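An overview of the molecular structure
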Amino acid sequence: MKTRTPISIYIAITIGITVMAFEMFAQDANYFSTPFFWALLIIITILLLIMNSIGDLVENERFARLTDEEKQEYITNNTTPYFQKLWNSAFKKQSQTEEKDLLIDHGFDGITELDNSLPKWWIGLFYFGMIFCAVYIIAFAFTDYAHPEAEYEKESKLQLASIEEYEKTAPAINLETAKYSSDYVAEGEQLFKTNCVTCHAEGGKGGIGPNLTDTHWINIKEKSLFKNVFWMLENGSPNNPTMRPFIKDGTITGRDAEKIASYIYHINQEKAPITEKQGGAAPQGEIAKWQE
């Protein structure tokens, strides 16, 4: 009779497979907190315990049919712990007598060759690698589990949702509370491309509207460049109705204006101006002397 695998091994493997299945196919990443997940594990564990009890009955019936010598051999064999048996099986070395049966009938300079089988640990690792590759290929082909693009899109949606939820309760940004931040430049650039690039062109070099990268400004309403841009976005230009009040007409929020103003401050104060030779619009208005 062969030694049976302990029930704890089956339970551990089953839990691992279950978690892997939920990781690949579950829509909700927080499946650990769902009653369905834990109920499924409990049911599977109970079924495994029932199967183990049936296995005990079968084993007892087979043991009763053994001879006295076979019974003694079986009892002696069971005195060795299960994991010790696995270790011995994986790293067992043959005895001198067993080597004679493995000896290949050729040699050179006193060196002989044994027809050894591959180590069981190596074979086990090889089969594990094959199973892992098969599972990974299936997950990559038929699920979103192994796709970094899908994971990125999912995380982006969660992040955008959290930002949207935050902005619902966050205090409104106005001219007094708006502040420049380099962290807003990237988002401000995207908002600029959506709302401002038609008139002010790519990079704020000017076209229909004035060049936003030079030192000349038509409307100077505030002492600092950042506040002046925010004022323009809120109230529009008194000299040109095309530059409408984006905040007041609901096109953008105060927080969006804060980001756009940060981007315009960046291209005006932290980067070199785009001159006429470089494709920029000619200076308009008067030279502005901004305060920080």
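Bear in mind that the values here come from a model prediction, so they are computed numbers and not experimental data.

A short note on the overall build of the protein chain
- On a plain count of helices and strands, the protein chain comes out with 11 helices and 4 strands.
- For 292 residues, the compact-globule formula gives about 19 Å, and the C-alpha radius of gyration of the protein chain, at 37 Å, lies well above that figure.
- Dimensions of the protein chain along its principal axes, counting C-alpha atoms only, are 110 × 60 × 35 Å.
- Looking at the protein chain residue by residue over its 292 residues, the buried ones come to 25%.
- Of all intrachain contacts in the protein chain linking residues separated by at least 6 positions in sequence, the fraction that spans at least 24 positions is 60%.
- Counting every atom, the protein chain has about 20900 Å² of accessible surface; 60% of that belongs to carbon and sulfur.
- The average position of the 26 basic charges and that of the 39 acidic charges among the side chains of the protein chain differ by 5 Å.

Remarks on the UniProt feature "domain: Cytochrome c" (unreviewed entry) in the protein chain
- Under the local residue numbering, the UniProt record ascribes the feature "domain: Cytochrome c" (unreviewed entry) to residues 183–268.
- Annotation note: span residues 183–268, helix share 48%, strand share 2%, distance between end C-alpha atoms 16 Å.

Topic: the packing of aromatic side chains
- A complete count under the given rule lists 17 aromatic pairs for this structure.
- Aromatic ring contacts, followed pair by pair, group Phe22, Tyr31, Phe32, Phe36, Phe37 and Trp38 into a single cluster.
- A cation over a ring is seen here: Arg244 above Phe246, with NZ or CZ 4.3 Å from the ring centre.

Things to note about the pattern of salt bridges
- Scanning all chains against the criterion turns up 6 salt bridges.
- With its nearest N and O atoms 3.0 Å apart, the salt bridge here joins Glu187 to Lys259. Remark: Lys259 occurs in helix α11 (residues 254–269) and Glu187 occurs in helix α8 (residues 185–195); sequence separation between them is 72 residues.
- Within the structure, one salt-bridge network assembled from shared partners comprises Glu189, Lys193 and Glu202.

Quick notes on the UniProt feature "transmembrane region" (unreviewed entry) in the protein chain
- Under the present numbering, the feature "transmembrane region" (unreviewed entry) in UniProt falls on residues 7–25, 37–55 and 121–142.
- Between the end C-alpha atoms of residues 7–25 the distance is 27 Å, and the span holds 100% helix and 0% strand.
- A distance of 31 Å separates the end C-alpha atoms of residues 121–142, which is 100% helix and 0% strand.

Describing the packing of helix α10 (residues 225–235) against α11
- Packing of α10 against α11 brings their axes to within 9 Å, and their N-to-C directions diverge by 135°. Accordingly, the angle class assigned to the pair α10 and α11 is oblique. The chirality of how α10 crosses α11 is right-handed. Of the residues in α11, those in contact with Leu225, Phe226, Val229, Phe230 and Leu233 of α10 are Gly254, Ala257, Glu258, Ile260, Ala261, Ser262, Ile264, Tyr265, Asn268 and Gln269.
- In the contact of α10 with α11, the residues fall into 10 nonpolar, 4 polar and 1 charged.

Comments concerning the nonpolar core
- Membership of the largest hydrophobic core comes to 28 residues, with the highest contact counts inside it found for Trp217, Ile260 and Ile264.
- Elements with a contribution of two residues or more to this core: α8, α10 and α11.

Looking at the side chain of Ser224
- Topologically, Ser224 is positioned in the loop between β3 (216–217) and α10.
- Ser224 has contacts with Trp290 and Gln291, leaving out every residue within four places of it along the chain.

Topic: a negative patch on the surface
- Together, Asp68, Glu69, Glu70 and Glu73 give the surface a local cluster of negative charge.
- By the element assignment, Glu70 lies in helix α3 (residues 68–78).

With respect to the packing of α8 against α11
- Where α8 meets α11, the closest approach of the two axes is 7 Å, and the angle between their N-to-C directions is 100°. In terms of their interaxial angle, α8 and α11 are classed as roughly perpendicular. Contacts between α8 and α11 involve Val185, Glu187, Gly188, Glu189, Leu191 and Phe192 from the first element and Asp256, Lys259, Ile260, Ser262, Tyr263, Ile264 and His266 from the second.

Calculation rules
Residues numbered from 1 in each chain as written. Predicted model: local features only at pLDDT ≥ 70, side-chain atom pairs only at ≥ 80, totals over all residues. Heavy atoms only, no water. Helix = DSSP H or I, 4+ residues; strand = E, 2+ residues; numbered from the N terminus. Rg over C-alpha atoms; globule rule 2.2 N^0.38 Å. Buried < 20%, exposed > 50% of the residue type's maximum accessible area, 1.4 Å probe, protein only. Contact = heavy atoms within 4.5 Å. Areas by Shrake-Rupley, 256 points an atom, 1.4 Å probe, with all protein chains shown as cover. Lys, Arg positive; Asp, Glu negative; His and termini not counted. Charge placed at Lys NZ, Arg CZ, Asp CG, Glu CD. UniProt positions renumbered as here; feature names shortened; annotations may be inferred. Phe/Tyr/Trp six-rings, centres within 6.5 Å; stacked < 30°, edge-to-face > 60°. Lys NZ or Arg CZ within 6 Å of the ring centre and 35° of its normal. Salt bridge = Lys/Arg side-chain N within 4 Å of Asp/Glu carboxyl O. Axes fitted to C-alpha atoms, helices over the stretch in contact; angles between N-to-C directions. Parallel < 35°, antiparallel > 145°, perpendicular 65-115°, else oblique. Left-handed = near helix turned anticlockwise from the far one by under 90°. Nonpolar A, V, L, I, M, F, W, Y, C, P; charged D, E, K, R; others polar. Core = buried A, V, L, I, M, F, W, Y, C linked by side-chain atoms within 4.5 Å. Patch = residues over 30% accessible without salt bridge, like charges linked within 9 Å, V, L, I, M, F, W, Y side chains within 5 Å.

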